[in-house]
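# Inside the fold
What follows is the residue order along each chain.
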Amino acid sequence: MTSSRPRHPLPEPGWPTRAEAEASRLFSPITLASGCTAENRGWIPAMVPWRATEDGSVTDAVLRWYRRFAEGGPGVLVVEATGIRDVKSGPLLRIGHDRFIPGLRRLVDTVRTASSGRTRLLIQILDFLSIRRRPEPEAYFRRFLAVHDRHRTALADHFADDAWRAASDDGVRNALASLPIETAATLLSERERDDLLRGARERVTDTHLPHIAELPKVLPGLFADAAARAREAGFDGVELHYAHAYTMASFLSPINTRDDGFGTTPEGRLRLPLDVLGAVRARTPAPFTVGIRFLADECIRGGGDIDDGIRHALAFARGGADVLSLSVGGKFDDAAAPRIGEAIYPYTGASGEACMPTVFGDVPPWSRHVPLAARIRGALRGNGLPVPIVTAGAIGTFREAEAALATGSADFVGSARQSLADPDWWTKMRTGRGAEIRRCIYTNYCEALDRRHVEVTCQLWDRDTTAPDDGGRCADGRRRDIAPPFSV
Ligand SMILES: Cc1cc2nc3c(=O)[nH]c(=O)nc-3n(C[C@H](O)[C@H](O)[C@H](O)COP(=O)(O)O)c2cc1C
Ligand code: SF4
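Residues numbered from 1 in each chain as written. Chains lettered and ligands numbered in written order. Predicted model: local features only at pLDDT ≥ 70, side-chain atom pairs only at ≥ 80, totals over all residues.

In the region of ligand 2, 13 residues are neighbours, and Arg417, Cys440, Tyr445, Cys446 and Cys458 sit closest. At the level of elements, helix H17 (417–421) and helix H19 (445–451) are the ones that each hand at least two residues to the shell around ligand 2. No other element matches H17, which puts 3 residues into the shell around ligand 2. Classifying every residue of the shell around ligand 2 gives 9 nonpolar, 3 polar and 1 charged. (Near = placed C-beta within 6 Å. Helix = DSSP H or I, 4+ residues; strand = E, 2+ residues; numbered from the N terminus. Nonpolar A, V, L, I, M, F, W, Y, C, P; charged D, E, K, R; others polar.)

Between two packed helices, both the angle of their axes relative to each other and the distance between the axes serve to describe the pair. Packing of helix H2 (residues 60–71) against helix H3 (residues 101–114) leaves a shortest axis separation of 8 Å and a crossing angle of 30°. Here H3 runs roughly parallel to H2, going by the angle between their axes. Between H2 and H3 lies a crossing of right-handed hand. Touching Val62, Leu63, Tyr66, Arg67, Ala70 and Glu71 of H2 are Arg106, Leu107, Thr110, Val111 and Ala114, all from H3. (Axes fitted to C-alpha atoms, helices over the stretch in contact; angles between N-to-C directions. Parallel < 35°, antiparallel > 145°, perpendicular 65-115°, else oblique. Left-handed = near helix turned anticlockwise from the far one by under 90°. Contact = placed C-beta atoms within 7 Å.)

Domain assignment breaks the protein into domain 1 (18–132 + 206–451) and domain 2 (137–198). Computed over C-alpha atoms, the centres of domain 1 and domain 2 are 41 Å apart. (Domains from an automatic or database assignment.)

Our focus in this paragraph is the site of ligand 1. Neighbouring residues of ligand 1: 24 residues in total, closest Pro45, Ala46, Ala81, Ala416 and Arg417. Among the secondary structure elements, those contributing two or more residues to the shell around ligand 1 are strand E4 (76–83), H17 and H19. Ranked by the residues each element gives to the shell around ligand 1, the list is headed by H19, at 3 residues. For the shell around ligand 1, the per-class residue count stands at 12 nonpolar, 7 polar and 5 charged.

Strand order around the closed barrel formed by 8 strands is E3-E4-E5-E6-E7-E8-E9-E10, with parallel pairing between neighbours. For this sheet, the mean inter-axis angle between neighbouring strands, taken without regard to orientation, is 30°. Of the pairings in the sheet, the one linking strand E6 (residues 237–242) to strand E7 (residues 289–297) comprises 6 bridges and is parallel in character. By the bridge assignment, tyrosine 242 is partnered in E7 with phenylalanine 294. (Pairing = 2+ DSSP bridges.)

The subject of this paragraph is helix H10 (residues 215–233). Two residues of an α-helix separated by three or four positions point the same way, owing to the 3.6 residues in each turn. Compared with the 27 Å implied by 1.5 Å per residue over 19 residues, the 26 Å span of H10 between its first and last C-alpha is a close match. Among all positions in H10, only Leu215, Leu219, Pro220, Leu222, Phe223, Ala224, Ala226, Ala227, Arg229, Ala230 and Ala233 are buried. On its buried face, H10 sits against H3, strand E5 (120–126), helix H9 (210–213), E6, helix H11 (247–252) and helix H12 (266–283). Phi turns positive one or two residues past the end of H10, at glycine 234, with a value near 105°. (Expected span 1.5 Å × (residues − 1). Buried ≥ 20, exposed ≤ 12 C-beta atoms within 10 Å, placed from the backbone.)

Negative phi characterises most residues that are not glycine, and trans characterises most peptide bonds. A cis geometry characterises the amide bond from alanine 286 onward to proline 287, with omega recorded as 15°. Considering the arrangement of structural elements, one finds proline 287 in the loop between H12 and E7. The backbone of asparagine 444 shows a phi angle near 70°, a positive value even though the residue is not glycine. Looking at where asparagine 444 falls in the secondary structure, it is placed in the loop between helix H18 (425–430) and H19. Taking the number of C-beta atoms within 10 Å as the measure of exposure, asparagine 444 has 21 and is therefore buried.

This part is about the environment of alanine 350. Mapping alanine 350 onto the fold places it in helix H14 (residues 350–355). With 17 C-beta atoms packed within 10 Å, alanine 350 lands in the partly exposed category. Between the C-alpha atoms of alanine 350 and lysine 331, which are 19 residues apart in sequence, the distance is 9.0 Å. Discounting chain neighbours no more than four positions away, the residues touching alanine 350 are Cys299 and Asp334.

Structure (structure tokens):
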């Protein structure tokens, strides 16, 4: 349940003095198995800002976005989910061809300069399957629906008239299109109903489609090529996107019933993710870092839970991952129906609320995923596996960040929205200036922009006319595109 009024006050921040920060776990270094050292435990997880060109290239706006985060001094910055294929995907970054390398190299150089070489830089690489916008019902019935005898039977039962059993395809289409949509939906299969009300989308179980059947053959190579390009561009490493609503998370899910050895059983579901990890590792050995972001809990009916999360963590650690970044939810399966003409958005249902928790939910969002991280990290350490764990999810205070580290729940503290609200919050904490931090209010204005596929900004600064301004604006000409500057 969500309400439209904030239900949970921001927690006490416990900002440290400079001396306390210097002695803290948060501002202590850590070295990964790859040999890569982060100078502190602050981690900015991937956030898509919708600033690439339509053909997936780095723009000046992309450079401004990452420069601003790097100036704030996080230990690790992860570049947004970046497509491993060279296919049309709107203003999302791509790494599916060598022509993207020069732009990505500029991004690396920008971050190195802005952080004086101190922030480690990963890029999140992902594969996704095709999704269509929700169709007009008329268009769906007349153009997309494949008519079967079960539709004739359903119409015969509905109208109590056996003549429908001999109806032509067009007769079936016309009859369904003329019914109220709620009634017509009851005469369809579950999949057809989903296509009608939420837009058609491919699943990893659609093995009748050759390009889906061959995913296990093509993905290891595509991910490995992408990682090799990231290394050539100068990144410290990649983060394999095995989380949320996308291809690799779908392979890991218990909902994956593929019967070709890449689904159904826990081992089968892990097989392709491990093949991809192996291929990437082989192409990009240490000191290049290979991390994985995956779900500690899918938060959907029939989906994976913390036991799956633990099993996956153990397998990835044994498979050679250098760092594991945890998320939860963010699935298409329980996402709200979009409006006609719009695409389904995976952060709308209960699993979406779990992924980016707000102050509107029943449960306070603060540090909500830390107990899951603690269980996964505990299982790893119990098995002698020292791989570092990143936890995220409404951690926006020093007190919570330090507690997650002090209790041994995590090794890095991921903070996406607080870092967007104030990219300098790491520096401010470190220098004893916590009182100057612009605190995220966790109402998800930024997420609503992401949903509309327009440039992501923060409501706390995008219309602030009192702060110094270099004139950078979003395409709407009104919102400033990056947070105001801060001088130490
Ligand atoms: C605008 C926006 C874009 C995001 N894009 C990504 C993404 O590309 N990849 C990803 O794994 N998570 C993405 N996330 C999820 C965040 O990385 C993070 O897991 C989530 O916001 C919870 O952390 P927080 O409470 O610190 O914000 C995005 C979040 C936001 C707000
Ligand atoms: S827009 Fe709202 S939720 Fe997003 S970073 Fe800013 S304050 Fe936080």
